[in-house]
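Breakdown of the fold
Chain by chain, the residues run as shown.
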Amino acid sequence: MKQLVCAHVMTIAITASVLPAQAQDDRMTPIATPAQPDAIDLDTGALPGATAQESWHRQYGSQFARNVTVATLTPFLPDPAKASGAAIIVAPGGGFRTLSMDNEGYDVARALAAKGIAAFVIKYRLRQTPADMAGFEKSMQAMFSGAARAPLPAASNAANDLAPQLADSTAAFRLIRNRAAQWHVDPDRIGMIGFSAGAMLTMATTLSTDVKPAFIGNIYGPLGTMTVPQDAPPMFAAIAADDPLFGNRDFRLIDDWRSARRPVEFHLYERGGHGFGMYQKAATSTGWFDAFVRWLDMHGMLKPKA
């Protein structure tokens, strides 16, 4: 089993759920679980030992899910007239305790579909949190309070630490490949992009499974060193220098990718904090999506395969 830095198994990876885009809208407000008619059950089963049921809340104008016990995949398919045949799994973040379904999920997927990329938002199973909102808020505050100063642990076995989440991402790749003809997707051009904890899951999926993504995006996930296989996919990475979780860590992953002679593009933005996603901020980090699309175009993902 390939080894990778165990930062991806830490619950310190907070997304926009704790770092607001709009301070006046920072309260967590419970909402009814929204209808998800297009969500497809990934058939990885219910989360073992789960007692709390899935619930949703709104914060910063976005929807968040928590206590996810059954994993799903929601397709966002492009207009057939502009579809390139490439596809991407979108993994929202939230410290493996919640999922930023709009800012790092649906909004990203819609924007990618508009560019001709078939996008699929994965709602992966999460670690259980208190069922009541007050208890959940307290647990998130406690997690975030020590996040910035917590040391990164040594290498560990991702297959054990992220077993449910890896089973979900593996099933997502399998489902898309099985339905490639139905969704007009090239099974050899399926990538994955993740945000924070979703980026950790993306790296774990890439290095600890055999699904072999065609390309990957690591958006404000940890960038510490890890063993890079010779067939590692092209990687796009973006992070803000003022990210309180990972901005002051080392970025040896980029050098590791280069040392392995694998394609990598790295954007270190001066400002943006953690969890900027698709929020519009007065910072250049807002341009990460356009840069990512240009990178996809450079790798031939915006045009049908010749």
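Residues numbered from 1 in each chain as written. Predicted model: local features only at pLDDT ≥ 70, side-chain atom pairs only at ≥ 80, totals over all residues. Heavy atoms only, no water.

So, on to the sheet that holds strand 11 (residues 235-240). For sheets, the rule is that strands pair by backbone hydrogen bonds, running either parallel or antiparallel. The strand order 2-5-8-6-9-10-11-12 describes an open sheet built from 8 strands, whose pairing is mixed. Here the strands that pair on one side only, and so sit at the sheet edges, are strand 2 (40-41) and strand 12 (264-269). Relative to strand 11, strand 10 (residues 216-219) runs parallel, the two being bridged by 4 bridges. Among the inter-strand pairings, I219 is bridged to a residue of strand 11, identified as A238. (Pairing = 2+ DSSP bridges. Helix = DSSP H or I, 4+ residues; strand = E, 2+ residues; numbered from the N terminus.)

So, about the pairing of strand 12. Relative to strand 12, strand 11 is paired through 6 bridges, and the arrangement is parallel. Of the residues in strand 12, the one forming a bridge with F236 is E265. For the crossover that starts at strand 11, traverses helix 7 (residues 252-259) and ends in the parallel strand 12, the hand is right-handed. (Right-handed = clockwise from strand over helix to strand, strands pointing away.)

This part is about the pairing of strand 9 (residues 190-195). Summarising burial for strand 9: 6 of the 6 residues are buried, a large majority. Relative to strand 9, strand 6 (residues 87-91) runs parallel, the two sharing 5 bridges. Considered in strand 9, the bridge of I89 is made with M192. Note: strand 9 against strand 10, 4 bridges, orientation parallel. Within strand 10, the residue paired with I193 across the bridge is G217. Crossover strand 9 to strand 10 through helix 6 (residues 197-208) is right-handed. (Buried < 20%, exposed > 50% of the residue type's maximum accessible area, 1.4 Å probe, protein only.)

Applying the stated criterion across every chain yields a total of 13 aromatic pairs. Between Y220 and F276 the ring centres are 4.8 Å apart and the planes differ by 70 degrees, which places this aromatic pair in the edge-to-face class. Placement of Y220 in the loop between strand 10 and strand 11 and of F276 in the loop between strand 12 and helix 8 (288-298) is noted, with a sequence separation of 56 residues between them. Looking at Y220, the relative accessible area reads 0%, which means it is buried. Both rings, one in F236 and one in W295, keep their centres 5.7 Å apart while their planes meet at 55 degrees; by these two values the pair is tilted. Remark: W295 occurs in helix 8 and F236 occurs in strand 11; sequence separation between them is 59 residues. Taken individually, F236 and W295 each receive the classification buried, so the pair is uniform in this respect. (Phe/Tyr/Trp six-rings, centres within 6.5 Å; stacked < 30°, edge-to-face > 60°.)

So, on to unusual backbone geometry. In this structure, D43 takes a positive phi of about 60 degrees despite not being glycine. With phi around 50 degrees, K212 is a residue other than glycine that occupies positive phi space. Here K212 lies in the loop between helix 6 and strand 10.

Quick look at the side chain of T129 now. Looking at the element boundaries, T129 is found in the loop between strand 8 (118-123) and helix 2 (133-145). Residue class for T129 comes out buried when judged on its relative accessible area of 7%. Contact partners of T129, with chain neighbours within four places excluded, come to A52, R66, N67, R97 and F136. (Contact = heavy atoms within 4.5 Å.)

The geometry of helix 4 (residues 163-178) relative to helix 6 is characterised by a closest axis approach of 10 Å and an angle of 70 degrees between their N-to-C directions. On the basis of the axis angle, helix 4 is roughly perpendicular to helix 6. In contact with Q165, L166, S169 and F173 of helix 4, helix 6 contributes L201, A204 and T205. Its residues assigned to classes, the contact of helix 4 with helix 6 shows 4 nonpolar, 3 polar and no charged. (Axes fitted to C-alpha atoms, helices over the stretch in contact; angles between N-to-C directions. Parallel < 35°, antiparallel > 145°, perpendicular 65-115°, else oblique. Nonpolar A, V, L, I, M, F, W, Y, C, P; charged D, E, K, R; others polar.)

Here we take up the packing of helix 1 (residues 102-114) against helix 8. The contact between helix 1 and helix 8 brings their axes to 12 Å, and the two run at 45 degrees. By the criterion of interaxial angle, the relationship of helix 1 to helix 8 is oblique. Once helix 1 is placed against helix 8, the crossing between them reads as right-handed. For the pair helix 1 and helix 8, contact is made by V108, A111 and L112 and by F289, F292 and L296, respectively. A breakdown of the residues in the contact of helix 1 with helix 8 according to their chemical character gives 6 nonpolar, no polar and no charged. (Left-handed = near helix turned anticlockwise from the far one by under 90°.)

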